[in-house]
Structure formats: structure tokens, C-alpha cells
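Structural overview
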Amino acid sequence: MANEIVKNRVEIIGTLKEYNLEIKNSKTNGSEFISGDIKVDAMLDDKLNEFTIQFFAKKLTQNGAESKLFESYDKMRDLVGKKVRVSGELREERYFNKTTNQMASAQRISGKFVSAEKGVTPDKARFEFGGFVRKGLVAKTNKDNEIYTYDLEVAQSNYNGTNMNVFHFNVDPAKPEIIKAITSMYPVNATVSFEGDIRSIVQIATVEEKAAFGDARVKTYTNLVRSYNITSGDNPIVGEGMYDMTAIMTLTQAYAARDIQITAENATAAAAAPARPVTSRQTSLI
């Protein structure tokens, strides 16, 4: 792999509401590490947003020194209730979905640095990203056939160039100039660079369910509506930083091979799992 663009930055400023990190020991060699997530609330466009950000760090570095990241993640609990600045990146979690019986992806925010935010700084949630277009802009519709967003699929090489990660970004239907620009300027396989706003809006819905008799049951559900809205972008990259067709084909093949490996490992684990015994509540066809 050459020097293809791998820009991938996230910055969130808000209030640290939850700290869910734990220190554990590796099952392989017993070494200590810290992992888990935090929740940061941010008021953006007069709406409450809740961001879940994941963290991981080993206690010791490769040369045996204690990791400063490990120490800072452990002390992060002291910042609960305070305003913080979190820097990190987007991460793809690729896995086999046993419900749909196929491969699936989850788009996560992986944190790296956290610090107390001093002074009066507005809440924010922004990303910067660079990669190559896998699928061009596609309109997404709701049950009433109304377009609620446009989706752009962009891939990016991992840091050692052996595989890639795939991410999805959005364009607001109320931004026709951005829709037009991306449609005309960002064809499939183009190397692109853009930035935008991250949103994870808290929506509370109340549903009333009728009972056979007596008062109706009222249930409240909290949903998070997530989006990565592109607000500006650069001209396609040509030359330094560009993903050529050889690189794209190599990464695409590696991605497919990893999917095959994950699927095979899942099948092996399922075959090795003990069969569920037939109980009195189950009907046997034997």
C-alpha cells in the first residue's frame, strides 16, 4: 500500500454523564487492561444528544512502561458531571448477525484522549474523514416514502494497509447544494475528503396500550437517532493520497476474505456448542 488518505478524526465536547470502564486481566497472559465506554451529553441545535464512546488501553506499553492512556482512563471517573473534550475516531465493528444469519456492521466512536474543558465552550460533535467511495449517494425513505436522509458509503484502509473499514455518512435532504455536489463530484472509487456534524438525538416516545379492562398501560421508550451529516467537502484527491484501482481491489478482497473467515468461525463455534436437551415443555419429533 502507498500513502492513501486515512484521515479519521472525531471531537466531542459535552458533559460526562456516565463512566463504565473496568480494569480487567487478559485471559491469554493475565496482563491488565482497561476497557468500556462513557456517555457524553451535548446540547446541539437545542436538542439533547447522547454519545457513547468506547475506550481500551493496556496497562503496559511494549517497552514495559506504564501507559499514560491507561492511567488517564482510570482517572476519568473523576470527571463525571463535568464538561469534557473527547478526541478519537470512527471504528467499524464487523460481526456475524445470528438473527439475520449474515454479516453486519456497527459504526462506533472510539475515544483516545479526554480532558476537562475549561472556560465556556459550546458543545460540539464533529468528524473529519477521508477514503474512497464504495457506494454513491442513495436516498433513504420512511414508511410514507418520504426521504429522511441520503447515505454515502465510504471505505478506508486500516493503518497497516492490510484491510479496510467501511463507514456510512449522511446528507440532509434540506441541503440540495451538498446533494448535487456529492452526486456529481464523488463517483464510486473516487478518493474523497470531507467533514461534518455527528448527531445522536435523544427521542422519548410515549405509547398507550389498551388493557382488557381497567386503565390503559402507558409505556415510555427512549431512542437515539444517529447521523453523520456531511457539511463540506474537498475536490476528489488525485495523486498523493489517492486510492488507485489496485489498492481498492486489494482492500476489497481482504475485506471479503475476513468476512468469510468470521462466518466460518461462527459456523465452527455453532457446531461445537452442545445441543439443547428436549424438555417437557418442548415437543420432540423423534
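Residues numbered from 1 in each chain as written. Predicted model: local features only at pLDDT ≥ 70, side-chain atom pairs only at ≥ 80, totals over all residues. Heavy atoms only, no water.

1. Looking at the confidence of the model for the chain
To keep things clear, this is the line we draw: For every residue, the predictor states its confidence as a pLDDT score lying anywhere from 0 to 100. Between two residues, a contact is recorded if the distance between any of their heavy atoms is within 4.5 Å.
Confidence in the prediction for the chain averages 93 pLDDT; 95% of positions are at 70 or higher. The low-confidence segment residues 281-286, where pLDDT is below 50, has three contacts with residues more than four positions distant or belonging to other chains.

2. Quick look at helix 3 (residues 245-272)
The line we're drawing: Helix and strand assignments follow DSSP, with helices taken as H or I runs no shorter than four residues and strands as E runs no shorter than two, numbered in order from the N terminus. Under the convention used throughout, the expected extent of a helix is 1.5 Å for every residue step, that is, one less than its residue count. For every residue, the accessible area obtained with a 1.4 Å probe (protein chains only) is divided by the maximum for its type, and the residue is called buried under 20%, exposed over 50%, and partly exposed between those limits. Two N or O atoms count as a polar contact when they lie within 3.5 Å, although within protein this holds only if one can serve as hydrogen donor and the other as acceptor, and sequence-adjacent residues are included solely when both atoms are side-chain atoms.
The terminal C-alpha atoms of helix 3 lie 41 Å apart, and with 28 residues this matches the ideal 40 Å at 1.5 Å per residue to within 8%. If you check which residues of helix 3 are buried, you get Ala247, Ile248, Leu251, Ala254, Tyr255, Asp259, Ile262 and Asn266. Its buried side turned inward, helix 3 meets strand 4 (83-97), strand 5 (102-116), strand 6 (124-141), strand 7 (147-157) and strand 8 (164-171). Two to three positions downstream of the cap, the backbone nitrogen of threonine 246 sits 3.2 Å from a side-chain oxygen, assigning the N-cap of helix 3 to aspartate 244.

3. Details of the nonpolar core
We count it as follows: Think of a nonpolar core as a cluster: buried Ala, Val, Leu, Ile, Met, Phe, Trp, Tyr and Cys residues, connected wherever their side-chain atoms sit within 4.5 Å.
Residues Ile38, Phe169 and Phe194 are the most contacted members of the largest nonpolar core, which totals 42 residues. When near neighbours in sequence (up to four residues on either side) are disregarded, phenylalanine 169 contacts Leu90, Phe127, Phe129, Tyr150, Asp151, Leu152, Val154, Phe194, Tyr228 and Ile230. Counting residues in each nonpolar core, the second largest holds nine residues, with Ala155, Val166, Tyr243 and Tyr255 among its members.

4. Here we look at the packing of aromatic side chains
This is how it is decided: Stacked, tilted and edge-to-face are the three classes applied to pairs of Phe, Tyr and Trp rings, where Trp contributes its six-membered ring and a pair requires centres within 6.5 Å; stacked means planes under 30 degrees apart, edge-to-face means over 60, and tilted covers the rest.
The tally for this structure, following the rule as stated, stands at 11 aromatic pairs. Between the aromatic rings of phenylalanine 33 and phenylalanine 56, the centroid separation amounts to 5.5 Å while the plane-to-plane angle is 40 degrees, which identifies the pairing as tilted. Here phenylalanine 56 lies in strand 3 (residues 47-58) and phenylalanine 33 lies in strand 2 (residues 32-44), a separation of 23 residues in the sequence. Exposure remark for phenylalanine 33: the relative accessible area of 17% places this residue in the buried category. By relative accessible area, which is 47% here, phenylalanine 56 ends up partly exposed. Between phenylalanine 169 and tyrosine 228, the aromatic rings sit 6.5 Å apart at their centres with planes inclined by 85 degrees, giving edge-to-face as the arrangement. In this pair, phenylalanine 169 is assigned in strand 8 and tyrosine 228 in strand 10 (residues 217-233), connecting sequence segments 59 residues apart. Residues phenylalanine 169 and tyrosine 228 agree in their burial class; the two are buried. Here the aromatic cluster, defined as three or more aromatic residues joined through ring pairs, consists of Phe127, Phe129, Phe167, Phe169, Phe194 and Tyr228.

5. Details of the pattern of salt bridges
Side-chain pairs of opposite charge can arise where the charged atoms are in close proximity. We apply this condition: Salt bridges are defined as contacts in which a side-chain nitrogen from Lys or Arg sits within 4 Å of a carboxyl oxygen from Asp or Glu.
Scanning the model with the defined rule gives 16 salt bridges in all. The salt bridge partner of glutamate 117 is arginine 85, with a shortest N-O separation of 2.9 Å. With glutamate 117 in the loop between strand 5 and strand 6 and arginine 85 in strand 4, this pair connects stretches of sequence that are 32 residues apart. Of the charged contacts, one joins arginine 126 and glutamate 195 as a salt bridge, the two residues approaching to 2.7 Å between their closest N and O atoms. Note that arginine 126 is positioned in strand 6 and glutamate 195 in strand 9 (residues 191-209), a separation of 69 residues in sequence. Owing to a relative accessible area of 30%, glutamate 195 belongs among the partly exposed residues under this scheme. In the salt-bridge network here, residues are joined through shared partners; they are Asp45, Arg126, Glu195, Asp197 and Arg199.

6. Here's the deal with helix 2 (residues 176-185)
Stated formally: Note: the arc covers the axis-to-C-beta directions of the helix.
Among all positions in helix 2, only Ile178, Ile179 and Ile182 are buried. Buried residues along helix 2 cover an arc of 100 degrees about the axis, so they all sit on one side. Every exposed residue of helix 2 that faces more than 90 degrees away from the buried side is listed here: Pro176, Lys180 and Ser184. Residues of helix 2 that are buried in the fold lie against strand 6, strand 7, strand 8 and strand 10.

7. Concerning the environment of threonine 121
Structurally, threonine 121 can be placed in the loop between strand 5 and strand 6. Along the chain, threonine 121 and valine 84 lie 37 residues apart, while their C-alpha atoms are 9.9 Å from each other. Setting aside chain neighbours within four positions, we find threonine 121 in contact with Ile13, Lys83 and Arg85. Engagement of the side chain of threonine 121 in a polar contact is seen with the side chain of glutamate 117, the distance being 3.0 Å.

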